[in-house]
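Each chain, letter by letter, is given below.
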Amino acid sequence: MQQFFPNGIESYLVGGLVLGLAVSFAFAMSGLVTGMSTFFSSTWSFVSRRAFFQQDRFTSSRGWRLALAIGLVLGGVLFLLTAGNGATFQTPVPAWRLAIGGVIAGFGARLSNGCTSGHGICGMGSFQLPSMLAVIIFLSTAIVTAQLVAALQGL
């Protein structure tokens, strides 16, 4: 286990419990799934008049979804300012790879009608078969992609 969790498993367990409780609370209060791909579509409903983005499921929930996303960003900033010990996030991955990965992930989220957080946390938590299949596909694709990238970097 040490190789997978070099800093211990406790923070991951606490984070998972807090995330699960927060998603459960949001569902109990609104009856809506707290996935981030729906946030993307509901945010577009502010600026796009296309019929897809003007569906009631997007326009009726866009206020609290926007507040949720802002809270997620502010939570990360607050962590860096208080407990981050001056750390910043840096990655050796070039910006063009991050951009391509973002486009592919966004396309996959639209294709599967949800993102990994929506399917993986909310959908699997409510035992929805489509979400379980989506997570299997997400993880399989990620493993194959990581292996291909590692192999290509070794050339």
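Scroll up for the structure.
Parameters and conventions
- Residues numbered from 1 in each chain as written.
- Predicted model: local features only at pLDDT ≥ 70, side-chain atom pairs only at ≥ 80, totals over all residues.
- Heavy atoms only, no water.
- Helix = DSSP H or I, 4+ residues; strand = E, 2+ residues; numbered from the N terminus.
- Buried < 20%, exposed > 50% of the residue type's maximum accessible area, 1.4 Å probe, protein only.
- Contact = heavy atoms within 4.5 Å.
- Patch = residues over 30% accessible without salt bridge, like charges linked within 9 Å, V, L, I, M, F, W, Y side chains within 5 Å.
- Areas by Shrake-Rupley, 256 points an atom, 1.4 Å probe, with all protein chains shown as cover.
- Salt bridge = Lys/Arg side-chain N within 4 Å of Asp/Glu carboxyl O.
- Polar contact = N/O pair within 3.5 Å; in protein donor to acceptor, adjacent residues only side chain to side chain.
- 1 Å grid on protein atoms, 1.4 Å probe; cavity = no way out; pocket = protein on both sides within 12 Å on 5 of 7 lines; lining within 4 Å.
- Points joined across faces, edges and corners; volume = space filled by probe spheres on them.
- Nonpolar A, V, L, I, M, F, W, Y, C, P; charged D, E, K, R; others polar.

**What to know about the overall build of the chain**
- Broken down by element type, the chain carries 7 helices and 0 strands.
- If one aligns the C-alpha atoms of the chain with their principal axes, the spans along those axes are about 50 × 40 × 30 Å.
- Counting over 155 residues, the chain shows a buried share of 17%.
- A fraction of 49% describes how many contacts in the chain between residues 6 or more apart in sequence connect residues 24 or more apart.

**Overview of a nonpolar patch on the surface**
- A cluster of nonpolar residues, Met1, Phe4, Ile9, Tyr12 and Leu13, forms a patch on the protein surface that exposes about 580 Å² of accessible area.
- Within the element layout of this structure, Met1 appears in the segment before α1 (10-30).

**Describing the side chain of Ser61**
- Its place among the elements puts Ser61 in the loop between α3 (56-59) and α4 (62-82).
- A distance of 2.9 Å separates the side chain of Ser61 from the backbone oxygen of Arg57, its partner in a polar contact.

**Some thoughts on helix α2 (residues 36-47)**
- Three or more residues of α2 are buried, namely Ser37, Phe39, Ser41, Ser42 and Ser45.
- Buried-residue contacts for α2 involve α3, α4 and α5 (95-111).

**As for the layout of surface pockets**
- Its volume calculated, the largest pocket comes out at about 910 Å³.
- Looking at the largest pocket, it is lined by 28 residues, and the ones nearest its centre are Gly101, Ile104, Ala105, Thr141 and Thr145.
- Listing elements by their share of the lining of the largest pocket, those giving two or more residues are α2, α5 and α7 (129-153).
- Considering each element in turn, the lining of the largest pocket owes the most residues, 12 residues, to α5.
- Of the residues that constitute the lining of the largest pocket, the class distribution is 17 nonpolar, 9 polar and 2 charged.

**Concerning the side chain of Ser41**
- Tracing the chain through its elements places Ser41 in helix α2.
- Residue Ser41 is classed as buried on the basis of its relative accessible area of 0%.
- In this structure Ser41 touches Phe52, Phe53, Phe58 and Arg110, once residues within four positions along its chain are discounted.

Purely geometric stuff here, so don't read any function into it on its own.
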